[in-house]
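For reference, the chains in residue letters:
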Amino acid sequence: MSTLLRLATAGSVDDGKSTLVGRLLYDSKSVLTDQLAAVERVSRDRGLEQADLALLTDGLRAEREQGITIDVAYRYFATTRRSFILADCPGHVQYTRNTVTGASTADVVVLLVDARKGVLEQTRRHLAVASLLRVPHVIVAINKIDLVGFDAQVHADVTAQIEGLAGGLGLADVRTVPVSALEGDNVVDRSDRTPWYDGPSLLELLEEIPAASLPEEHGFRLPVQLTIRPQAAAREEQHRDYRGYAGQIASGVVRVGDPVVVLPSGRRTTVAGIDTADGELTEAFAPRSVTLRLADDLDVARGDVIAAADDAPVPTQDVNATVCWLSDKTLRPGSRVLLKHTTRTVQAVVRDVTGCLDLDTARSVPAETLGLNDIGQVQLRLAAPVAAEEYVDNPRTGAFLLIDAQDGGTLAAGMVGEPLEEARFPGRRPSQYSI
Amino acid sequence: MTASDPTTATTRGTTVSVTDTSETDTSETVEPIAVDSSAAPNQAEAGHTTEGAGLRRLTQLQALESEAIHIIREVVGEFERPVLLFSGGKDSMVMLHLAVKAFWPAPVPFPVLHVDTGHNFPEVIDFRDRTVERLGLRLVVASVQDYIDDGRLQDRADGTRNVLQTIPLLDAITGGRFDAVFGGGRRDEEKARAKERVYSLRDEFGQWDPRNQRPELWNLYNGRHRPGEHVRVFPLSNWTELDVWQYIQSEGIELPTLYYAHERQVFHRDGMWVAVGPVSQPREGEEVLTRTVRYRTVGDMSCTGAVESDATGVEHIVAEVAATRLTERGATRADDRASEAAMEDRKKEGYF
């Protein structure tokens, strides 16, 4: 059975990322003849000898005209073993915003490094973002290896640099592959021009890498989206008294009969049934959308979280968090915002900005405000409790958005706790972040 | 419910339930709807976990289905007046099927909206009406023909009406005070769509601003908007054409018959087979032939092309799509091929 893998690509300006993505699509035969014909026509018009594969991915007119990529674009390709959803994140404009967006859903980040330039400031920052977002796997494609004469030493040097950085950032799984996106070496097929590299091609790696963590690694959490209560609208008599709580399982596994607690109220009950339109299930696991029936008639509504009774988060109104600031507006202590956590949106006030992350050193420096593309630590006070957990413990219930209550814009991507610190120094949680 | 105040929709949404929505909105947006529960097919293999394999992993189709259902439920939880764009075509049938599953055993809590070009395949309109009847849905029709009849729109020289759909669509959204509009668009369809969000904010003119989109993180969707603005929602964003067909097969979703191979009188124009019909007559030199064809999309009959095919059943189409080397729009939509930026321009103006 085919499974899905979500990946995000990141890189710096002119490192050939669009070409690499175009090559993956082209060599995996995911480019269709009319798309290729269009690219070949435009390439010819521009006096190019070969089809410019970057044109496959540059979707907007301004991008084609300026030869740059503006926004995160999503691509789809498949092999016989796997289907891939690729978030293609541009490197130069608002790189933090784009990379954070792409990495938030990624099982794998594919990071490009130009073999001629080696590790750049941008590379360091992308690795820091991957660690911060707790992306399970990172593949560094050392591109333009043809332009350094397929030199084994260049690959070894860059690999050593990357491994050093990865260790310092607490990234558990980082691999390097020497590729030429332009010529196709080691992208889909293994190249005979890199005899010193006996590892898999990039696509082979993507096919083999385990997808995200298994559901059973985290406790059961189901944020309630809706109460399903058809009453008189039910066509079938048996469903007139139906009452179920619809949601997508955020993490974990649930079985009929499991003791659960409804948060933030703290009331306990057991799972009476797990329903889908296809019939009842005896167990269900993340990320399945289901409808739960509970044994007791409790007051449960959208925004509540149903959690495993013996392993439930403690709802809180005080949240210390790391936020990636995505807006032109400045975040200051005292700012009033909305916080969206799972299916609950509450008012929040920024008590304090306690630091800003220097991505080059992966260390926090003192800060009083945060601006566009800053990543900083804040203390928030909420108008109502949320069932938040540390992002490192459970990304789905540790993530939140900050939203501008006036214009509705998304201000920040938030993660409860200090995920980068905790990745770098496992087990040593800074006391200032204990709530 | 009074005129929706969308800026408060998200916070108020924390207490919305399906029942609440239908109770309060019955007179205007939601007819009392009863879903024939047989419409939610009992697909044993789709419903089971992969316990047998020892690994708890959803299959690709299960993962896509759960993601789409989550999105559909979020919209009903947070918006006042959603509506589903429904043409009777395969993507809108998949959308409707997912909506039925999302709220089972309650009825689908929103109406459906068809932007009718007047250049329809008769069998598609029949199918649309039967489906709406079977599921007890309320159908809103925005008619391009009405706009042409009273002079608000004029037919174009090339005869296609796909591009004329934008104004009737926007008027229907405004007139129905719809704040969320579900579409079946997929990011794999076209390069400009690849950059569209699941929640795509539109201004009061329905315009899409591709350079100023909200970042979309994790599975947290931000649907807040100001009065007059609305959000287009694309729950099938991450599906491919092959996913759609495999899902139609595994769920047993019924489609209009023209998706399957049939004999039809056609003529060759702009590299496509065009059906002979009231709005698509052969010009001089265009020879009418009988061919075994099928359609990959349904749209304006005058500019939607057929492909030669012997695929009489869904299993044949799954095999054909898996092997095909032409995107569905490239094969069969003359209007999308006009310029490299054709879709981007139409989307900016408020097209689907």
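Residues numbered from 1 in each chain as written. Chains lettered and ligands numbered in written order. Predicted model: local features only at pLDDT ≥ 70, side-chain atom pairs only at ≥ 80, totals over all residues.

What follows is about the overall build of chain A. Of the regular secondary structure elements, chain A holds nine helices and 23 strands. Over its C-alpha atoms chain A spans a radius of gyration of 24 Å, differing by no more than 12% from the 22 Å that the globule rule assigns to 435 residues. Along the first, second and third principal axes, the C-alpha atoms of chain A reach 70 × 55 × 40 Å. Taking all 435 residues of chain A together, the buried fraction comes to 55%. (Helix = DSSP H or I, 4+ residues; strand = E, 2+ residues; numbered from the N terminus. Rg over C-alpha atoms; globule rule 2.2 N^0.38 Å. Buried ≥ 20, exposed ≤ 12 C-beta atoms within 10 Å, placed from the backbone.)

Scanning chain B from N- to C-terminus turns up twelve helices and ten strands. Summarising the internal contacts of chain B: among those between residues at least 6 apart in sequence, 77% fall at separations of at least 24. (Contact = placed C-beta atoms within 7 Å.)

What follows covers helix α1 (residues 17–27) of chain A. Residue and element names in this part refer to chain A. Most of α1 sits out of view: ten of its eleven residues are buried. Within the span of α1, buried status applies to K17, S18, T19, L20, V21, G22, R23, L24, L25 and Y26. Residues of α1 that are buried sit in contact with β1 (3–10), β2 (73–78), β3 (82–88), β4 (108–114), β5 (137–143) and α7 (202–208).

We now examine the sheet that holds strand β2 (residues 112–116) of chain B. Two orientations exist for strands paired in a sheet by backbone hydrogen bonds: parallel and antiparallel. Residue and element names in this part refer to chain B. Within the open sheet, the six strands sit side by side as β3-β2-β1-β4-β6-β5. Their pairing is mixed. Here the strands that pair on one side only, and so sit at the sheet edges, are β3 (139–143) and β5 (199–202). Pairwise comparison of adjacent strand axes, ignoring direction, gives a mean angle of 30 degrees for this sheet. As paired elements, β2 and β3 share five bridges and run parallel to each other. What sits directly across from D116, in β3, is S143. (Pairing = 2+ DSSP bridges. Axes fitted to C-alpha atoms, helices over the stretch in contact; angles between N-to-C directions.)

Residues and elements named next belong to chain B. The interhelical angle for the contact between helix α9 (residues 241–251) and helix α10 (residues 314–323), taken along N-to-C directions, is 165 degrees, at an axis separation of 9 Å. With respect to each other, α9 and α10 are oriented roughly antiparallel. Here α9 runs over α10; the crossing is left-handed. Contacts between α9 and α10 involve E241, L242, W245, Q246, I248 and Q249 from the first element and V314, E315, I317, V318, V321 and A322 from the second. (Parallel < 35°, antiparallel > 145°, perpendicular 65-115°, else oblique. Left-handed = near helix turned anticlockwise from the far one by under 90°.)

Pairing within the open sheet is antiparallel, and its four strands lie in the order β8-β7-β9-β10 (chain B). Edge positions in the open sheet fall to β8 (272–275) and β10 (307–308) of chain B, since each of these has one partner strand only.

Let us now look at the domain arrangement of chain A. Residue and element names in this part refer to chain A. Taken as a whole, chain A is organised into domain 1 (3–212), domain 2 (216–308) and domain 3 (316–433). For domain 2 and domain 3, the distance between their C-alpha centres works out to 29 Å. In this complex, domain 2 contributes 13 residues to the contact, which on the side of domain 3 involves eight residues. Where the side of domain 2 that touches domain 3 is concerned, the elements lending two or more residues are β7 (221–223) and β16 (305–308). Residues of the side of domain 2 that touches domain 3, tallied by class, amount to seven nonpolar, four polar and two charged. (Domains from an automatic or database assignment. Nonpolar A, V, L, I, M, F, W, Y, C, P; charged D, E, K, R; others polar.)

Residue and element names in this part refer to chain B. Taken domain by domain, chain B comprises domain 1 (6–243) and domain 2 (255–347). Between domain 1 and domain 2, the residue contacts involve 24 residues of the former and 23 residues of the latter. Of all the elements in the fold, those that place two or more residues in the side of domain 1 that touches domain 2 are α5 (90–103), α6 (122–135) and α9. Residue contributions to the side of domain 1 that touches domain 2 peak at three residues, all from α6. Partitioning the side of domain 1 that touches domain 2 into residue classes produces eight nonpolar, nine polar and seven charged.

Before going further, it helps to spend a moment on the UniProt feature "domain: Phosphoadenosine phosphosulphate reductase" (unreviewed entry) in chain B. Following the UniProt record, one finds the feature "domain: Phosphoadenosine phosphosulphate reductase" (unreviewed entry) at residues 82–305 of chain B. As annotated, residues 82–305 of chain B comprises 25% helix and 19% strand, and the C-alpha atoms at either end are separated by 32 Å. (UniProt positions renumbered as here; feature names shortened; annotations may be inferred.)

Residues and elements named next belong to chain A. Orientation of helix α4 (residues 95–104) relative to helix α5 (residues 121–132), taken along the N-to-C sense of each, is 40 degrees, at an axis distance of 10 Å. Taken as a pair, α4 and α5 cross one another with a handedness that is right-handed. Contact residues: α4 offers Y95, T96, T99, V100 and A103, while α5 offers Q122, H126, V129 and A130. Grouping the constituent residues of the contact of α4 with α5 by class yields five nonpolar, four polar and no charged.

A word on the confidence of the model for chain A. Counting all residues, the mean pLDDT for chain A is 88, and 90% of those residues have values of 70 or more. Note that pLDDT drops below 50 for residues 431–435 of chain A; the model gives that stretch seven contacts with residues more than four away or on any other chain. (pLDDT = per-residue confidence, 0-100.)

A few words on the nonpolar core. V109(A), V138(A), A141(A), L84(B), A99(B) and V233(B) are the most contacted members of the largest nonpolar core, which has 184 residues in total. If you look at the next biggest cluster of nonpolar residues, it comprises 14 residues, including F121(B), F127(B), A261(B) and M301(B). (Core = buried A, V, L, I, M, F, W, Y, C linked by C-beta atoms within 7 Å.)

Right, let's talk about the pairing of strand β6 (residues 230–233) of chain B for a bit. All names here are of chain B. Residues H230 and R232 point to one face of β6 and V231 and V233 to the other, with burial holding for every one of them. Direction of pairing for strand β4 (residues 180–182) relative to β6: parallel, over a ladder of three bridges. When the sheet's bridge partners are listed, V181 is paired in β6 with R232. Note: β5 against β6, four bridges, orientation antiparallel. Counterpart to R202 in the pairing with β6 is H230.

Here the focus is the environment of W218(B). Looking at the secondary structure, you find W218(B) in the loop between β5 and β6. Ignoring any residue separated from it by four or fewer positions in sequence, one finds W218(B) in contact with S104(A), T105(A) and A399(A).

Turning next to unusual backbone geometry. The linkage connecting L263(A) with the following residue, P264(A), adopts the cis geometry, with an omega of 10 degrees. If you trace the backbone, P264(A) turns up in the loop between β11 (259–263) and β12 (267–276). Of note, the amide linkage connecting W104(B) to P105(B) takes the cis form, showing an omega dihedral of 5 degrees. For P105(B), the position within the fold is in the loop between α5 and β2. Of note in this structure, K144(A) is not a glycine but carries a positive phi near 65 degrees. Within the fold, K144(A) resides in the loop between β5 and α6 (152–169).

Turning our attention to α5(B). Between its first and last C-alpha, α5(B) extends 20 Å over 14 residues, near the 20 Å set by a 1.5 Å rise per residue. For α5(B), the tally of buried residues reaches 14 of 14 residues, placing the bulk of the element in the interior. (Expected span 1.5 Å × (residues − 1).)

Our next topic: the pairing of strand β9 (residues 244–248) of chain A. Within a regular beta strand, the side chains point alternately toward one face of the sheet and then the other, so they alternate between its two faces. All names here are of chain A. By the criterion of burial, β9 is predominantly enclosed, with five of the five residues buried. Burial along β9 is two-sided: G244, A246 and Q248 and Y245 and G247, pointing in opposite directions, are all buried. Pairing of strand β8 (residues 226–228) with β9 involves three bridges; the strand directions are antiparallel. Across the sheet, T227 pairs through a bridge with Y245, a residue of β9. Bridge count for β9 against strand β15 (residues 289–294) is four bridges, and the pairing is antiparallel. If you follow Y245 over to β15, its bridge partner there is L292.

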